[in-house]
Amino acid sequence: MNFFSEPLITGATVLLTDSRFVSQPQQSIFFAIKGERHDGHNFIEELYEKGVREFVVEKKAAKPDLNERFPEAKFWLVENGIRALQNLAANHRKKFNIPVIGITGSNGKTIVKEWLSALLAKDYTIIKSPRSYNSQIGVGLSVWQMNDSHTLGIFEAGISKSGEMENLEPIISPTIGIFTNIGSAHDEGFRSRKQKVTEKLRLFRRTKTLIYCKDYEEIDEEIKLLLKAVNPEIELIGWSKSQESPINVTFTKAATYTTLAINWNAEEYEFRIPFTDDASIENATHCVFAKLLLTPKGQDLSITEEALMALKPIAMRLELKQGINDCYLIDDTYNNDYAGLNMALNFMSQHHTKNNKVLIISDLLQSGLKEVDLYRSIAELIKGKQIDQMVGIGEDISRNSRFFDVEAVFFKSTEDFLEAYPINQLHDSLILVKGARKFAFEKIVDKLIQKVHGTVFEINLDALTHNLNFYRGKVGSDTKIMVMVKAYAYGSGSAEVASLLEYHRVNYLGVAYPDEGVTLRQNGIKLPIMVLNSQPETFSKLVEYDLEPEIYSFQIFRRFLDFIRSFPDSTFKIHIKLDTGMHRLGFEEQDIDKLIEQLAQNPAIKVASIFSHLVGADESEHNDFSKSQIERFKRMSDKIIQALPKGQAPLRHICNSAGIIRFPEAKFDMVRLGIGLYGVEATGIEQKSLQTVGTLKTIISQIKHLKKGETIGYSRKGVLEKDSRIATIAIGYADGFDRGFSKGVGEVLVNGVRCPVIGNVCMDMTMVDVTEARCEEGDEVIIFGKDLPIHELAASIGTIPYEILTGVSERVKRVFYKE
Ligand SMILES: *Cc1c(COP(=O)(O)O)cnc(C)c1O
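Residues numbered from 1 in each chain as written. Predicted model: local features only at pLDDT ≥ 70, side-chain atom pairs only at ≥ 80, totals over all residues. Heavy atoms only, no water.

The name given to the chain in an unreviewed UniProt entry is Alanine racemase, and the organism recorded there is Emticicia agri. The record in UniProt for the chain states the following under Pathway (unreviewed entry): "Amino-acid biosynthesis; D-alanine biosynthesis; D-alanine from L-alanine: step 1/1." In UniProt, the chain has this text filed under Sequence similarities (unreviewed entry): "Belongs to the alanine racemase family." (UniProt positions renumbered as here; feature names shortened; annotations may be inferred.)

See the structure below:
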């Protein structure tokens, strides 16, 4: 009998919740979690084959035959997998009697955590959450990394609905709390802002000391009303900008820094921080109080001053950027610890579009482990992630080079590397640059990156995933999803988008032309790919690259059959397109008998799917017509399927993004998701459920102060009616900023203010009136994004979002990122 029940006691060191991230199977315990869209229990077999032998399974989802199928495995049978993981982590936490700082709040959690660890690095061996790993699962995995050598923990907790903090509190069990602030993010999961504050405060149920800013009245009130009631002994450090408050801070801003004057416990302190924006000042103030709290009285604080001035803004996102020689670069140069490295490597494994993977890595600081143990485990981690080449930089990693079982070179310092390594010979690779701050890896990134000139199209991969999951939820797990990645994935970058989709296990991809499919294959995409438009000259490409053509007419079918005669022993998948009302491509109803006959005569042809396209699913006025199309599709496809030999069960599909929303009853076996994935809900009904994927940005190249009566740009079309500030921005119609936006039709966003286009849009530049905006040369300008939606732009020039998206020219660099 290999079934056990809780309490869960395991010798495994790696807690695995995502089957795709397995790298040390023998040391791993897998938590099979059944969520709304995914069921971890489906991956037990795959993991067993990879060598995992310990599993946590949920009573309601586990199959009874696990025992027979996986005789060598041990199974923990639990009510709820996430809860089991949390309990395990909470029990782990109990073993350590060290100060632990728990951070929550709406914004700034990750920055406060990172800055604090920079400020305290000299005094403590710190364990902290990697990146913003603060979810129900993330907190448990973070705390699980605690070991005997750590002398301080810093963990963040994020919640999105009520009830969640209760689970996180015992895992972090903070001795010191920081409540950063309260804002409106994630309000959906809470009845009110007050309730949100109350929920977050649960983290501090047993905390000795809490640092917060009294000026957030809701926080202050709830602390006094509720927290004090359950935790009467708590020491409150509520700082305020108000001079009346016993703990007050005065901020004096200079050009490049701010001076904090602090009044606390009858002491006065003064520090400088290298920031002048309000958010950074607030975050840094929390950090200063935590630092003061942890510094014994009388200790010299001049080091703090220095450390504060050395704080840097933190890149919150993992970015995939275009590099030199067709390389892609993941730039993660803020810090380097085991957990962060693991995450960056996982991000890398989602982007397998390059066959050569290179890791450039520095020493890891502050692990708390013995050096040999640390590098042995790093080496093992790297081995599990299929890295092809590695560059190790630093004395420690060089000293431990013997552990690394990949093609590797080592350098004592970043300078040595820059001098000796042939950087320009790197090509066609995916490169992860991961270094602790003091190694200044930005110098390496600088050499590897392709310089971006002004305009970039940023693609939010988390938003893309969110949108995919939204549509998955709509169609349910029994319906397959084909994602249309034609036209460079609607402008978003086909190989990278396809790679993410493959990672998320969509079922099919769709492209318009064979060349688009070839590009995907050359980038390592293995998913089946349907091609809408193939001409006889491209048939050999289809075969060579395993692409499946749409067959829409007898003529094209005939030509395809002629072509495949030279491959007598092979079979070929095709997709039959039916014309149900679009009258573009496809067989019509009177063609069906003849089509059936031809299919019967050609057994080498396998019908992979039968499909049609709705002409007006986005507009309700066409509902009746859409329904008649669906009827006709059903009738025509039924007839074909009945005539096909038994065993051939082609997939049927008719819904595009809008169809999924409007005609859920017509989802058949598969749907074809297009624009919705990219964040535009074509019917408008569910726009709120989607997230913005693409942000097109440029910069201000120059600003001029011009007098009333002057004219701007070609043909003197922009005439100033008053004295104005005019900015030239680095985007024109050749980048995809349509000339239709000329003369005030278009607006761009400059530091939150909408500024109209003045005069005619030029090929590479545009002039905008920034009289109303606070801005200077070099500032960022948003062309479209979350706060300036694509559909608004489209409407202003009488087109549709599809055209705006696919119009972003290929010369504009794409940057892919993940929060
Ligand atoms: C482009 C395309 C789709 C996707 O349409 P959206 O409106 O973007 O969802 C679906 N099917 C076919 C045949 C297409 O050409």
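Go over helix α18 (residues 494-503) with me, naming the residues and quoting the values.
With ten of its ten residues buried, α18 lies for the most part within the structure. For α18, every residue scored as buried is listed here: Ser494, Ala495, Glu496, Val497, Ala498, Ser499, Leu500, Leu501, Glu502 and Tyr503. Just beyond α18, the residue with positive phi is Arg505, at close to 55 degrees. (Buried < 20%, exposed > 50% of the residue type's maximum accessible area, 1.4 Å probe, protein only. Helix = DSSP H or I, 4+ residues; strand = E, 2+ residues; numbered from the N terminus.)

Any chance you could break down the site of the ligand for me, citing the residues and the numbers?
Around the ligand, the surrounding shell consists of Met484, Lys486, Tyr490, Leu532, His613, Asn656, Ser657, Arg672, Gly674, Ile675 and Tyr802. Contact between the ligand and Asn656: an oxygen atom at 3.5 Å from a side-chain N or O atom of the residue. A distance of 2.8 Å is found between a nitrogen atom of the ligand and a side-chain nitrogen or oxygen belonging to Arg672. The fraction of the free accessible surface of the ligand (390 Å²) that becomes covered by protein chains is 94%. Of the pockets mapped on this structure, the ligand occupies the second largest pocket. (Near = heavy atom within 4 Å. Polar contact = N/O pair within 3.5 Å; in protein donor to acceptor, adjacent residues only side chain to side chain. Areas by Shrake-Rupley, 256 points an atom, 1.4 Å probe, with all protein chains shown as cover. 1 Å grid on protein atoms, 1.4 Å probe; cavity = no way out; pocket = protein on both sides within 12 Å on 5 of 7 lines; lining within 4 Å. Sits in = over half its atoms within 2 Å of the grid points.)

Explain the layout of surface pockets residue by residue, including any values.
Volume-wise, the second largest pocket comes out at about 930 Å³. If you go around the second largest pocket, you meet 40 residues; those closest to its centre are Lys486, Tyr490, His613, Asn656 and Tyr802. Looking at the lining of the second largest pocket, the elements with two or more residues in it are α17 (486-490), α24 (657-662), β29 (670-673) and α26 (801-806). Residues of the lining of the second largest pocket, tallied by class, amount to 20 nonpolar, ten polar and ten charged. Counting contributing residues, the lining of the second largest pocket receives three or more from each of domain 4 (459-688) and domain 5 (694-817). (Points joined across faces, edges and corners; volume = space filled by probe spheres on them. Nonpolar A, V, L, I, M, F, W, Y, C, P; charged D, E, K, R; others polar. Domains from an automatic or database assignment.)

Talk me through the pattern of salt bridges; I want residue IDs and the actual numbers.
Inspection of the entire model under this criterion finds 49 salt bridges. Notably, a salt bridge pairs Lys60 with Glu58, separated by 3.3 Å at the nearest N-O pair. Judged by its relative accessible area of 2%, Glu58 is buried. Asp723 is paired through a salt bridge with Lys707; the nearest N and O atoms lie 3.8 Å apart. With Asp723 in the loop between β32 (718-719) and β33 (724-729) and Lys707 in the loop between β30 (694-706) and β31 (711-712), this pair connects stretches of sequence that are 16 residues apart. The partly exposed category is assigned to Asp723, whose relative accessible area is 44%. Each of Lys113, Glu114, Lys128 and Glu156 takes part in one network of salt bridges that share partners. (Salt bridge = Lys/Arg side-chain N within 4 Å of Asp/Glu carboxyl O.)

Account for the packing of aromatic side chains, with residues named and values stated.
Given two aromatic rings, their pairing is described by the distance between the two centres and the angle made by the two planes. If you walk through the whole model with that rule in mind, you get 31 aromatic pairs. Aromatic pair Phe4 and Trp76: ring centres 5.6 Å apart, planes at 45 degrees, arrangement tilted. Separated by 72 residues along the polypeptide, Phe4 in strand β1 (residues 3-5) and Trp76 in strand β5 (residues 74-78) bring together distant segments of the chain. With a relative accessible area of 34%, Phe4 lands in the partly exposed category. Seen from their ring centres, Phe563 and Phe567 are 5.6 Å apart, and the 50 degrees between their planes marks the pair as tilted. Among the aromatic residues, those joined into a ring-pair cluster are Phe3, Phe30, Tyr48, Phe55, Phe70 and Phe75. The lysine or arginine in question, Arg20, covers the ring of Tyr503, its NZ or CZ lying 3.8 Å from the ring centre. The ring centre of Tyr48 lies 3.9 Å from the NZ or CZ of Arg53, which sits over that ring. (Phe/Tyr/Trp six-rings, centres within 6.5 Å; stacked < 30°, edge-to-face > 60°. Lys NZ or Arg CZ within 6 Å of the ring centre and 35° of its normal.)

Residue-level account of unusual backbone geometry, with values.
Geometrically, the link from Glu6 to Pro7 is a cis peptide bond, its omega value of 5 degrees lying close to zero. Positive phi values are uncommon outside glycine, yet Ala440 reaches one of about 50 degrees. Its place among the elements puts Ala440 in the loop between β20 (429-434) and α15 (442-448). Its relative accessible area of 16% is what places Ala440 among the buried residues. In this structure, Tyr490 takes a positive phi of about 50 degrees despite not being glycine. Within the element layout of this structure, Tyr490 appears in helix α17.

Please set out the environment of Ile98 residue by residue, giving values where relevant.
By the element assignment, Ile98 lies in the loop between α3 (81-93) and β6 (100-104). Along the chain, Ile98 and Asp148 lie 50 residues apart, while their C-alpha atoms are 9.8 Å from each other. Excluding its chain neighbours within four sequence positions, the residues that come into contact with Ile98 are Arg93, Met146, His150, Thr151, Leu152, Gly153 and Thr175. (Contact = heavy atoms within 4.5 Å.)

Give me the lowdown on the sheet that holds strand β4 (residues 54-58), citing residues and values where you can.
Pairing between the strands of a sheet comes from backbone hydrogen bonds, and it takes one of two forms, parallel or antiparallel. Spatially, β1-β5-β4-β3-β2 is the arrangement adopted by the five strands of the open sheet, whose pairing is parallel. Looking at the sheet topology across the chains shown, the edges are occupied by β1 and β2 (14-16). Mean inter-strand twist for the sheet, computed between neighbouring axes without regard to direction, equals 25 degrees. Here β1 runs beside β5; their pairing, made up of three bridges, is parallel. Looking across to β5, one finds that Phe3 is bridged to Phe75. Along the sheet, α3 makes contact with β2, β3 (28-31), β4 and β5, crossing β3 at roughly 140 degrees. (Pairing = 2+ DSSP bridges. Axes fitted to C-alpha atoms, helices over the stretch in contact; angles between N-to-C directions.)

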